Every structure is written in C-alpha cells, then in structure tokens.
Amino acid sequence: MAPKSDSAEAIVLNFVNEQNRPLNTQNVADALQKFNLKKTAIQKALDNLADGGKISFKEYGKQKIYVARQDQFEIPNNDELTQMKEQNANLQKQLEDQKKATSEVEAEIKSLQSNLTLEQICEKEVDLRMEVQELENKLNKLRGGVTLVKPEERELVEKMLSEKISQWRKRKRMFRDLWDTLTENSPKDPKEFKEELGIENDEDVGVSLQSYSDLIPQGRKRPRGQ
C-alpha cells in the first residue's frame, strides 16, 4: 500500500526517488526542513520504507545509507544515451547563446543608464554656466591688476615651499651617502640590489627636485649645499 501523499513517508520517498543518490538520515533531514519534519520522524519513515521494500539501504557500521530502488527507473540504451548527449549539447549551446544575448542587453541597459536625462542635462548646464561666470569674473580681476593673493600669504607659502625643498634635498643627500656606503664593497649590482629591496628614487618615478626648486623666487633660493 502506497503511503499517503502528505505523510512523512510519502515526502521522504518522493525526495529519495528525486535525488536518486546515496543519502543518510541527516542529508534527508537537512533537505526537508521546510516540511517541519523532525529527524526522528524522518528516520522512522526511512526505516519503514526500507522494510517495505520501497527503497534500498546498506549499513556501514552504525550508519545506514539509503538509495532509491533502481528497478523503478527505465535505463536508456546506447541510442537513447547518444540522443540525450546530443540534446544536452544543443541545450548547452542555447544556454551560451542566451547568456551572450543577456550580457549584450545588460551592457546596453548599463550604457543607457549612464546617459544623463534631459533634466540632469539642464541642471548640468546651469552649474557649468555658473562656473564659467565665476572664472570670467576671476579672469577680469586678474586682467585689471587686482592681487588675489595677499603679499604676506604669498611670502608664507614661498617660505614653506623653500623649507620643504631644503628638507627634501637634505634627505636626498643623506640617502645617497648611505647608499654609496652600502654598495661600495657589495658584490651585487647596485641597480639589481635596489630593485631587490624595492627602493625607488625621484628619477624612478619621474620627479625632479630641480623643477620644484625653480618655483621659488631667485631671492629665496638657498644654496645647493644647504
């Protein structure tokens, strides 16, 4: 007699047949949590199904492994297997084509979403016009000889820049002296040794101390030795 469709045995039997692979009680309990079945009820259902010959089982020590009865399934012949493989290959190709089409649509949607709306364009235009107006006002002041930076502020900035460049030059000289000492008697090639240590100097990153020194007015430049 078949178990009722809503009984624990029916639910467990249906799951075991659908999976058609070796399962233990915990596997079944984890998968059927949505049915609010306790592990003890699932264990009882599995044992009853096994005792009734509706599923097969094997014992491995203290653990039982359950599997669907294979005689209930139709086993395809070689021709059917070949046909199934061809169908699977066709479906895989259709899936890849669909993924490609989906990617193209998503890319187009992303492109459209990145475009500004008419309202956003109008707002952007207003902001740009205001920015242009501010720049034109600043330019007119410069053309009129108006000093936008106070002399004392300029002097302070130039002083700070001069001090920073002086520190830069000092540290650069300290490193050069230390590096010459380290590599003087070293068997390693200095360039390879520097790469091995991960050291980069100004020249390696395209920075020139002299170009920054040239920003300082001639009267404020310190001698190179300082």
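Owing to the predicted nature of the structure, the values given are computational and were not obtained by experimental measurement.

Okay, the overall build of the protein chain next. When its secondary structure is counted, the protein chain shows 8 helices and 2 strands. Its helices and strands taken in sequence order, the protein chain reads α-α-α-β-β-α-α-α-α-α from the N to the C terminus. Here the C-alpha atoms of the protein chain give a radius of gyration of 40 Å, more than 25% beyond the 17 Å that 2.2 N^0.38 yields for 226 residues. Principal-axis analysis of the C-alpha atoms gives the protein chain an extent of 110 × 65 × 45 Å. Split into buried and exposed, the 226 residues of the protein chain put 15% on the buried side. Long-range pairs, those at least 24 residues apart, make up 52% of the contacts in the protein chain with a sequence separation of at least 6. Approximately 18600 Å² of the protein chain is accessible, and the part contributed by carbon and sulfur atoms is 52%.

Note that strand S1 (residues 55-60) and strand S2 (residues 63-68) share 6 bridges and pair antiparallel. Bridged to lysine 58 within S2 is isoleucine 65. Counting the residues in the hairpin turn of S1 and S2 gives 2 residues, including glycine 61, whose phi is positive at 70°.

Turning to the pattern of salt bridges, a few remarks are in order. Summed over all chains, the structure comprises 9 salt bridges. Measuring nitrogen to oxygen at the nearest pair gives 3.5 Å for the salt bridge that ties lysine 64 to aspartate 47. Highlighted residues: lysine 64 in strand S2 and aspartate 47 in helix H3 (residues 39-51), separated in sequence by 17 residues. Assessed through its relative accessible area of 29%, lysine 64 is described here as partly exposed. Since its relative accessible area comes to 22%, aspartate 47 is described here as partly exposed.

Below, the discussion takes up the packing of aromatic side chains. To describe a pair of aromatic rings, one takes the distance between the centres and the angle between the planes. Applying the stated criterion to the full structure yields 4 aromatic pairs. Judged by centre distance (5.5 Å) and plane angle (55°), the ring pair of tryptophan 168 and tyrosine 212 falls under tilted. Of this pair, tryptophan 168 sits in helix H6 (residues 151-184) while tyrosine 212 sits in helix H8 (residues 209-213), placing them 44 residues apart in sequence. Its relative accessible area of 38% is what places tyrosine 212 among the partly exposed residues.

In this section: the nonpolar core. With 17 residues, the main nonpolar core has Val12, Val16, Val28, Leu32, Ile42, Leu46 and Ile55 as its most contacted residues. Secondary structure elements with two or more residues in this core: helix H1 (8-19), helix H2 (25-31), H3 and S2. Among all residues touching isoleucine 42, those that are not within four sequence positions of it are Val12, Thr25, Val28, Ala29, Leu32 and Leu37.

Let's shift gears to helix H5 (residues 118-143). With 26 residues, H5 should reach 38 Å at 1.5 Å per residue; the first-to-last C-alpha distance of 37 Å fits that figure. Once H5 ends, the next one or two residues include glycine 145, with phi positive near 85°.

Reading the values: the criteria
Along each chain, numbering runs from 1 in the same order as the chain's sequence is written. In keeping with the model being predicted, local features are shown solely for residues with a pLDDT of at least 70 and side-chain atom pairs are shown and tallied solely at 80 or more, while totals for entire chains, interfaces and linings include all residues. Working from all heavy atoms in the structure, the side-chain values ignore hydrogens and water. Working definition: helices are DSSP H or I runs of at least four residues, strands are E runs of at least two. Numbering for both runs from the N terminus. With the radius of gyration taken over C-alpha atoms, the globule rule is written as 2.2 Å times the number of residues to the power 0.38. Relative accessibility under 20% of the residue-type maximum defines a buried residue, over 50% an exposed one, and the middle range a partly exposed one, all with a 1.4 Å probe and only protein chains included. Here a residue-residue contact requires only that any non-hydrogen atoms of the pair lie within 4.5 Å. Here, Shrake-Rupley sampling with a 1.4 Å probe gives the accessible areas, and only protein chains in the shown set may cover a residue. Paired strands are those between which DSSP finds at least two bridges. Any carboxyl oxygen of Asp or Glu within 4 Å of a side-chain nitrogen of Lys or Arg constitutes a salt bridge here. The aromatic pairing rule takes the rings of Phe, Tyr and Trp, using the six-membered ring of Trp, and pairs them if the centres are within 6.5 Å, calling planes under 30 degrees apart stacked, those over 60 edge-to-face and the rest tilted. Nonpolar cores are built from buried Ala, Val, Leu, Ile, Met, Phe, Trp, Tyr and Cys residues. Side-chain atoms within 4.5 Å join them into one set. Expected helix span is computed as 1.5 Å times (number of residues minus one).

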